[in-house]
Amino acid sequence: FVYRKPVATAWPIVWMDSSGKTEPLLSTPKPYYTPRLSPDGRKLAVSDGGIMRGNIFIYDLQRDKMTPLTFDSQGHFSPVWTPDGMHVVYRSHYTASGEYALEWNRADGSGQPQRLLTSKTALLPYSISPDGRHVVYITENAGYDIWTLPIDSSDPEHPKAGKPEPLVTTPANELEPMFSPDGRWIAYASNESRQGRFVYVRPVTPAGGVADRKWAITAGLNAPGVGGDAGSTPRWSRNGHELFYVNTRDDRIMVVPYSTAGDSFIAETSRVWSPQPIFMTELFSSLDLSPDGKRFVTFPTPDKRDERDAVTHLVVLQNFFDEVRRRVPEGK
């Protein structure tokens, strides 16, 4: 049995522009995950500690102050801002009960978490509709599927969740769903193609679901076998008709100009946005786009960090099944 054991367990957070130039944002390396900028770009929500023991922190860019939003290391992960920037929705995993939860809390840390949804299977929120009425998240079934959770936030300190509704459910894994700024489209990644994981866009219906039609965004599906790219982590420009994603074959950020005509989505040819690759943290998003669409907050590649942290180890376990039988006796 062979598995990879990366030595790197911490990394800084930087700004990166389209030329590949980086500027420090949070210089002290930590196990940061899922960075998300507030709608006004003045604050950064980030998980520190990983998916099993993480906490959510809010960093005020102007005041250079980091404030913890959670304290108990119960797998708090994947923060998502409400459109008004006043609250954050995130995933929690309570190890004692085994429950996963979507929770809502004040971004300034002055409130108490309000539980929106609980589940025995994994949950991860990714986006909130521009009108604030739906949280889109993924949950584990045979694979990962995309669902939405209706939210009544007329009393923002005590939001009420409706009945969860399936959005995109197939035998494949659907990941990283993101509402467009106008709320008319959902971009997401899926491995339904045997060529790899690609980015797709679907229209959102007036009832809050999605239509059966979809458009492949990544070039690998437009030109299979001709050096195309695989894609993940879609991000919409908030002030222009551009959709960004990460080419998972070289970890570079791509951009796709697009237009719409009625209920049709017209994507132009994707191109490299920046020549500098970023550091991708496996299945979890490693970047977010600034409100002006001119730079990303992300993690630098290993060559930007200490070279000792860039080493990867392969661990070989011999007599693997003998060890399994020793630990789990027959009949247990």
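Please read all numbers here as calculations on a predicted model, not as lab measurements. Sequence positions are assigned chain by chain, starting from 1 and proceeding in written order. A pLDDT threshold of at least 70 governs which residues receive local features in this predicted model, and a stricter bar of 80 or more applies before side-chain atom pairs are shown or counted, although totals over entire chains, interfaces and linings include all residues. Note that water and hydrogens are dropped before the side-chain values are worked out from all heavy atoms of the structure.

A.B. asks: Is there a simple way to explain the pattern of salt bridges in this structure?
C.D. replies: Note that side chains of opposite charge can pair when their charged atoms are close. By convention in these notes, a salt bridge is any Lys or Arg side-chain nitrogen within 4 Å of a carboxyl oxygen on Asp or Glu. Throughout the structure, instances matching the rule amount to 13 salt bridges. Two residues, Asp48 and Lys30, come together in a salt bridge whose shortest N-O distance is 3.9 Å. Of this pair, Asp48 sits in strand S5 (residues 43–48) while Lys30 sits in strand S3 (residues 22–30), and the two are 18 residues apart along the sequence. Relative accessible area decides the class of each residue, using a 1.4 Å probe on protein chains only: under 20% of the type maximum gives buried, over 50% gives exposed, and in between gives partly exposed. Residue classification places Asp48 among the buried residues on the basis of a relative accessible area of 15%. Residue classification places Lys30 among the partly exposed residues on the basis of a relative accessible area of 35%. As a salt-bridge pair, Asp250 and Arg252 come within 3.0 Å of each other at their nearest N and O atoms. Classification of Asp250 by relative accessible area gives partly exposed; the value is 30%. Put simply, DSSP H or I for four residues or longer makes a helix, DSSP E for two residues or longer makes a strand, and each gets a number counted from the N terminus.

A.B. asks: What is the right way to read the pairing of strand S17 (residues 174–179) from this model?
C.D. replies: Extensive coverage of S17 is indicated by the burial of 6 of its 6 residues. Only when DSSP finds a minimum of two bridges between them are two strands counted as paired. Where S17 lies against strand S18 (residues 185–190), 4 bridges are found, and the strand directions are antiparallel. Within S18, the position partnered with Leu175 by the bridge is Ala189. Here S17 folds back onto S18, and the loop between the two strands holds 5 residues, one of which, Gly183, carries a positive phi near 75 degrees.

A.B. asks: Can you walk me through the packing of aromatic side chains in this structure?
C.D. replies: Each aromatic ring pair is summarised here by two numbers: the centre-to-centre distance and the angle between the ring planes. Centres within 6.5 Å make a pair out of two Phe, Tyr or Trp rings, where for Trp the six-membered ring is used; the pair is then stacked when the planes are under 30 degrees apart, edge-to-face when over 60, and tilted otherwise. Applying the stated criterion to the full structure yields 19 aromatic pairs. A ring pair is formed by Trp236 and Phe265, whose centres lie 6.0 Å apart and whose planes are at 85 degrees; its orientation type is edge-to-face. One end of the pair, Trp236, is in strand S21 (residues 231–236); the other, Phe265, is in strand S24 (residues 264–267), with 29 residues separating them in the sequence. As far as burial versus exposure is concerned, Trp236 and Phe265 are alike and both buried. Measuring from centroid to centroid gives 6.0 Å for Phe244 and Trp273, while their planes differ by 90 degrees, and the two rings are edge-to-face.

A.B. asks: What is the right way to look at the sheet that holds strand S10 (residues 99–106) in this model?
C.D. replies: Strand pairing in a sheet relies on backbone hydrogen bonds, with the paired strands running either antiparallel or parallel. Pairing is antiparallel across the open sheet formed by 4 strands, whose spatial order is S8-S9-S10-S11. Bordering the open sheet on either side are strand S8 (77–81) and strand S11 (114–119), each of which pairs with just one other strand. Neighbour-to-neighbour, the strand axes of this sheet turn through a mean angle of 20 degrees, independent of strand direction. Here S10 runs beside S11; their pairing, made up of 5 bridges, is antiparallel. The residue bridging Ala101 from the neighbouring strand is Thr118, located in S11. Think of each axis as a best-fit line through the C-alpha atoms, taken over the contacting stretch in the case of a helix, with angles from 0 to 180 degrees between the N-to-C directions.

A.B. asks: Help me understand the sheet that holds strand S19 (residues 198–203) in this model?
C.D. replies: Strand order in this open sheet of 4 strands is S17-S18-S19-S20, and the pairing throughout is antiparallel. Each of the sheet's edge strands pairs with one partner strand only, and the pair in question is S17 and strand S20 (215–216).

Functional significance is not addressed by these values, which are geometric in nature.
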